[in-house]
Amino acid sequence: MPPGADGNVEVSMSDVVEAEVGKTAIIRCGFSIPVNSTYAYVNWFYMDSHVRKKIIYMVPGMESPEELELKGRVRMGEDFALTVSKVTPQDAKVYVCQVGAGSAGVGENRTELRVSKAPETPEVKVADSAASLSVMNEIAVCVSRNGYPTPAITWYKDENLLESDGEEINIRFTITKESSGLFTVSSSLSAQVTKEDRKAIFHCQVNYSLMGANKTSRSNAFNISVNYPSVNISFVISEPNREIKEGDKVTLLCEGDGNPPPEYTFFRVKNGTEEKLQSTDTGKLVLENVMRKDSGLYQCQAFDLQSMDELKADVKLSVNYLEIPTITKDPPRHLKEGDNLLLTCGSSSSKPLEFQWKKEGKVIVRERVLNITDVTHEASGSYSCIVSVPEIPGLSHRKQVSVNVHSKPRLFPVEEVVFVHEGKLLSLTCAAVSNPRPSILWTTSVNSTLMPNSTIITTDVSNEQRNSTFSVFVTKEILESEIRCSARNNQGEASHRFKMRPRIEEQTTAGSPTSTKQGSESQGVIIVPIVICILAIALLGAVLYFLHKKGKLPCGRSGKQEITKPEAHKDEIVVEVKSDKLPEEAGLLQGADSEKRSAGDQGEKYIDLRN
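Residues numbered from 1 in each chain as written. Predicted model: local features only at pLDDT ≥ 70, side-chain atom pairs only at ≥ 80, totals over all residues. Heavy atoms only, no water.

K.L.:
Could you clarify how one ought to interpret the packing of aromatic side chains in this entry?
P.N.:
Each aromatic ring pair is specified by the distance between its two centres and by the angle formed by the two planes. A full pass over the atoms with the stated rule returns seven aromatic pairs. Seen from their ring centres, Phe-31 and Phe-80 are 5.1 Å apart, and the 55° between their planes marks the pair as tilted. Within this pair, whereas Phe-31 is found in strand β4 (residues 30-32), its partner Phe-80 is found in the loop between β8 (74-76) and β9 (82-84), the two being separated by 49 residues in sequence. On the accessibility criterion, Phe-31 (24% relative accessible area) is partly exposed. For the pair Trp-442 and Phe-470, a centre-to-centre distance of 5.3 Å together with 20° between the ring planes defines the contact as stacked. Pair noted here: Trp-442 is in strand β40 (residues 439-444) and Phe-470 is in strand β42 (residues 465-473), with a separation of 28 residues, a long-range link. (Phe/Tyr/Trp six-rings, centres within 6.5 Å; stacked < 30°, edge-to-face > 60°. Helix = DSSP H or I, 4+ residues; strand = E, 2+ residues; numbered from the N terminus. Buried < 20%, exposed > 50% of the residue type's maximum accessible area, 1.4 Å probe, protein only.)

See the structure below:
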């Protein structure tokens, strides 16, 4: 049967419509009327304490609102639905839709409009004072604002729900209705606490309904402070695994297991007597730049004001040390070349030691004793003994000792034959090294005293080296003599002889004057004889090879020919050899005339070759 066929007007509506505060609510009204009938009017009402109040009505072609409270926020659509904008908590009512169809009668139905709003996230204010044992303490207050309908607050400890029992837990709940119609809820939690509650995690949770669904919002988690007496205290070194050495900074920590912490007093125990150091509430005793005398037993005493008990704890401090090393030298006096030297390094420490000897930064031996036999001048210098404690990084000391070996002079000659020009200035340099530093004397084979017009310049290079330069104009007497350099000290004497030879001048073309340039002279002396010798040997070899190939040179023993060496010249043969070495590398001894040498002729040496 089609709707309304029985002659009645039927209205269909939802039982409940949900809407949020500030949003728009739509309440629909559907109806059916008899066939061949039309509606005469539609009225909308809301129930106020069992009293029906008209909101708006509609007759064909006209809509008219009547309720002043909702004026401007309600309207009826073409489908007869009631629209309420900017919903407020006061709009939460039962709404009635009434439809009249003339002779067909009147029909109506109703819908409950439920309004909701999520409250703000709950905020917790924790009690300022710490909770005490065995009494009821206010823990915290939880507040959630502007919710609708009225929210509820619950408390949790370590995610476990707390319920009021009137003895150990007490929860009080208050509700405040704001002028907007929204609700602010507050809940206070009081409880008896235990020592373990200092580690517990608390939070509150607000429970509310929104658009027909149950929801929750939780506060930030928090801990509480609990007062309880100290039962035990610990007294330790802040870095227990570190080896402490002299000069370190050491912190001793004393800590009780109560809250608030007790007052700490520190003592140094010597021979059974307590020496008070300081009192503090931080539990820290700082010792700056500790020394071995600071080693010993330290005590911390803690007095707890809650239990009125005194607690004690001890700690032993050991400060490692290393004595500055001492060095003994045997023999203790000055050494002479050939003596034996024994250096012994001594030190003491709280741990095993390691020794090593160094000279000029190089390790000589890794032992306590350094033994040098048959010392030479080169053994002089500074020696260092380094003593360290392997178990304690950074703990080491160094001691130096100076060793002086007394030695006779040593000269560094490189020239025995010196080529000179008569009338030119001759300069000879002699370098002598010894300990103590030597004196240098110049003499000639003709005259044991210095020659007239000669000069000597002496330079002290170091505490052990002295250089002396002898200069004189070459005369016939000089050419026929030897010049002697002698160095002496209280350990002995050394000397060197210089033999003079006239420099050979190279002849130029016929009629031209003789060239006296030093470069030509030095090169002519060596190059011309060598070239002639090489050409002669090459020519002789070529002739012998040619005769051998032609068969004219017998090869048997009967044909053996003796090639005799020419008779040696009675005079000495001197070969001039160029050297790129510096004078110091050549032995610090030079001989030269006063003529200026060419760049390619610097540092020449002369070697006397004899048969």
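K.L.:
Please explain the sheet that holds strand β22 (residues 233-237) as it appears in this structure.
P.N.:
Strands pair in a sheet through their backbones, by hydrogen bonds, and they do so in one of two ways: parallel or antiparallel. With antiparallel pairing, the three strands of this open sheet are ordered in space as β22-β23-β26. Looking at strand neighbours, the two that pair on one side only are β22 and β26 (284-287), the edges of this open sheet. Averaged over neighbouring strand pairs, the angle between their axes works out to 10° when direction is ignored. (Pairing = 2+ DSSP bridges. Axes fitted to C-alpha atoms, helices over the stretch in contact; angles between N-to-C directions.)

K.L.:
So what exactly am I meant to see when it comes to the nonpolar core here?
P.N.:
Nonpolar side chains in soluble globular proteins tend to end up buried together. Residues Val-42, Trp-44, Ile-55, Leu-82, Tyr-95, Val-99 and Leu-113 are the most contacted members of the largest nonpolar core, which totals 33 residues. Those elements that provide at least two residues to this core are β2 (16-20), β3 (25-27), β5 (41-48), β6 (51-59), β8, β9, β10 (94-100) and β11 (106-116). With 21 residues, the next largest nonpolar core counts Leu-343, Cys-345, Val-365 and Ile-392 among its residues. (Core = buried A, V, L, I, M, F, W, Y, C linked by side-chain atoms within 4.5 Å.)

K.L.:
Explain unusual backbone geometry here, please?
P.N.:
A cis amide bond links Tyr-148 with the next residue in sequence, Pro-149, at an omega value of -10°. With respect to the element layout, Pro-149 can be found in the loop between β14 (136-147) and β15 (152-157). A cis amide bond links Asp-330 to the next residue, Pro-331, at an omega of 0°. Tracing the backbone through its elements, the reader meets Pro-331 in the loop between β29 (326-330) and β30 (335-336). If you check the backbone angles, Asp-374 has positive phi at about 50° while not being a glycine. Among the secondary structure elements, Asp-374 is positioned in the loop between β34 (369-372) and β35 (381-388). Of the residues examined, Asp-374 reaches a relative accessible area of 51% and is grouped as exposed.

Purely geometric stuff here, so don't read any function into it on its own.
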